[in-house]
Amino acid sequence: MKTRLRITALVLAMLLPIGILPSQAEKPSGKVIRTMIIAGQDGSHWWQGGCDAMKQILENTGLFKVDFCFTPSWDGDMETFRPSFKDYDLVVINYGGKDWASATQRDFEKYVENGGGVVFLRSSIIPHENWPAWNLMTGLGAWNGRDEKWGPMLYLKNGKYIYDYSPGWAGYHGLQHQSVIDNVASDHPILKGLPSRWKHFKDEIYLNLRGPARNLEVLCTTSDRGRDNPLIWTVTYGKGRIFADVLGHCGNDPEFSYSMTCAGFQETFIRGCLWAATGEVNRPVPKDFPTEDTFTLRMDFSAPFNAFPE
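As the structure is a prediction and not an experimental result, all values here were calculated from the model.

Asks: Give me unusual backbone geometry: which residues, what numbers.
Replies: Backbone geometry places H128, a non-glycine residue, at a positive phi of 55°. Note on placement: H128 falls in the loop between β4 (117–121) and α4 (132–138). You will see that N208, though not glycine, has its phi angle at about 55°, which is positive. Note on N208: relative accessible area 24%, which makes it partly exposed.

Asks: I'd like a rundown of helix α3 (residues 102–113), residues and numbers included.
Replies: With twelve residues, α3 should cover 16 Å at 1.5 Å per step; its first-to-last C-alpha distance of 16 Å lies within 8% of that length. All of the buried residues along α3 are A103, T104, Q105, F108, Y111 and V112. Where α3 is buried, its residues meet β3 (90–93), β4, α4, β10 (227–237) and β11 (240–245). Note on α3: the residue one or two positions beyond its end, G115, has a positive phi of about 110°.

Asks: Outline the environment of V281, listing residues and values.
Replies: With respect to the helices, strands and loops of the structure, V281 is situated in the segment after α5 (263–278). In this structure, the C-alpha to C-alpha distance between V281 and H188, residues 93 residues apart in sequence, is 9.6 Å. When sequence neighbours within four positions are dropped, the list of residues in contact with V281 reads P189, I190, R271, L274 and W275.

Asks: Give me the pattern of salt bridges: which residues, what numbers.
Replies: Any two side chains of opposite charge can pair, given that their charged atoms come close. Inspection of every chain in the model, using the stated rule, returns 16 salt bridges. Of the charged contacts in the structure, one is a salt bridge between R197 and E292, with a shortest N-O distance of 2.7 Å. Taken together, the residues span a long stretch of sequence, with R197 in strand β8 (residues 197–203) and E292 in the segment after α5 at a distance of 95 residues. Overall, the relative accessible area of 33% leaves R197 in the partly exposed class.

Asks: Could you give me a rundown of helix α2 (residues 47–59), with the residues and numbers involved?
Replies: With 13 residues, α2 ought to run about 18 Å at 1.5 Å a step, and its terminal C-alpha atoms sit 18 Å apart, in line with that. Buried within α2 we find W47, G49, G50, C51, A53, M54, I57 and L58. Here the buried face of α2 lies against β1 (33–39), β2 (64–70), β3, β4 and α5.

Asks: Would you mind going over the packing of α2 against α5 in detail, with residue names and values included?
Replies: Two quantities define a packed helix pair, namely the angle between the helix axes and the distance between the axes. Following both chains from N to C, one finds α2 and α5 inclined at 70°, their axes separated by 10 Å at the closest point. By the criterion of interaxial angle, the relationship of α2 to α5 is roughly perpendicular. Residue-level contacts link M54, I57 and L58 of α2 to F265, Q266, F269, I270 and C273 of α5. Considered class by class, the residues forming the contact of α2 with α5 number seven nonpolar, one polar and no charged.

So, how was this worked out
- Residues numbered from 1 in each chain as written.
- Predicted model: local features only at pLDDT ≥ 70, side-chain atom pairs only at ≥ 80, totals over all residues.
- Heavy atoms only, no water.
- Helix = DSSP H or I, 4+ residues; strand = E, 2+ residues; numbered from the N terminus.
- Buried < 20%, exposed > 50% of the residue type's maximum accessible area, 1.4 Å probe, protein only.
- Expected span 1.5 Å × (residues − 1).
- Contact = heavy atoms within 4.5 Å.
- Salt bridge = Lys/Arg side-chain N within 4 Å of Asp/Glu carboxyl O.
- Axes fitted to C-alpha atoms, helices over the stretch in contact; angles between N-to-C directions.
- Parallel < 35°, antiparallel > 145°, perpendicular 65-115°, else oblique.
- Nonpolar A, V, L, I, M, F, W, Y, C, P; charged D, E, K, R; others polar.

Rendered as C-alpha cells:
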C-alpha cells in the first residue's frame, strides 16, 4: 500500500504543470524577514490596493512575512497609533496622512538609529514636513508647503549631483506615461547585474524633489526637461538603512495599480527591501527584467517559473 501511494504521488508530481513550481530563487533560504507595512491615510492614492500588491510582491518571493499596521482614519485619534517597530526587521511605509504622535515619532527615530530597515514608497515622502528627522530619513520630499527653506532640489547632470537652491515649491508630476529608467549606481547591491537602462510601465513620475539630501545616494533617474531626476535612492540614518522609491502609483480605483505590475518596479522594490533589512541582496537577475525598449509585466505580482536559474 505504501509503495502504491509513493508511485501515485510521483506520477502526480510528474503530471503537474511546470509553471506552478517555484524557482529556486523564490524559495526561502534562511531567516524570513519580518516586515510591517504602515498605511491608513492618503488623500490621493488607493493605499489599500497598493498595500495588497506590496504584500503579494514580497511574500511571493518566500523571503518575507508581511503584517499590516494601519493608522486611524483621518478623524481618528493619532495618539492610539503606536506600532512596535522593534518587533520587525523591516518597516515599509505607504502613508500620506496626518502627523504621528510625538511618542510614535520618537519610537520610530530610535528604531532607525539602532539599525532598523526602512522603505519609503511613493507618497510617504510627502507627509511630516515639519518633522526634521523624517525629512533627513527620506532625504527628499515634495508638496505640503516645502520650498527652498527645506533644502535644495536635487538632480543629476553628466553623472554629477546638482544641488539647486533656487526658490520654488517642491513637487510636480505630469500625466502618467511610460518612462526609461537609468541605473546610475550599477555597483550598488540593489542594482548589481541589472540592465543600465530599462523601460518602466505607465506611472506618475514625481519631479522637483527637494530636501536635506544628506547621506543620500541616487540609484535610479529618469530624464525630464533636461534634468536627470532621482526616482530611487538610499539614505543612511544612524545605523539604519533606508530605501526610497517614488515609483508605483496606485490611483483611487482598484484598476489603477498597473504601475506595480511592472517587473522592473517589482524587482527593484524586492531588492531595495532586502538591502534595507539585511544590507545584502543575494538574488539573481531575473530573465523577465525589462530592457531599454520593452517593459515586462507580472500581473500576479510574482516572477514567472522560469525567471531564475534552478
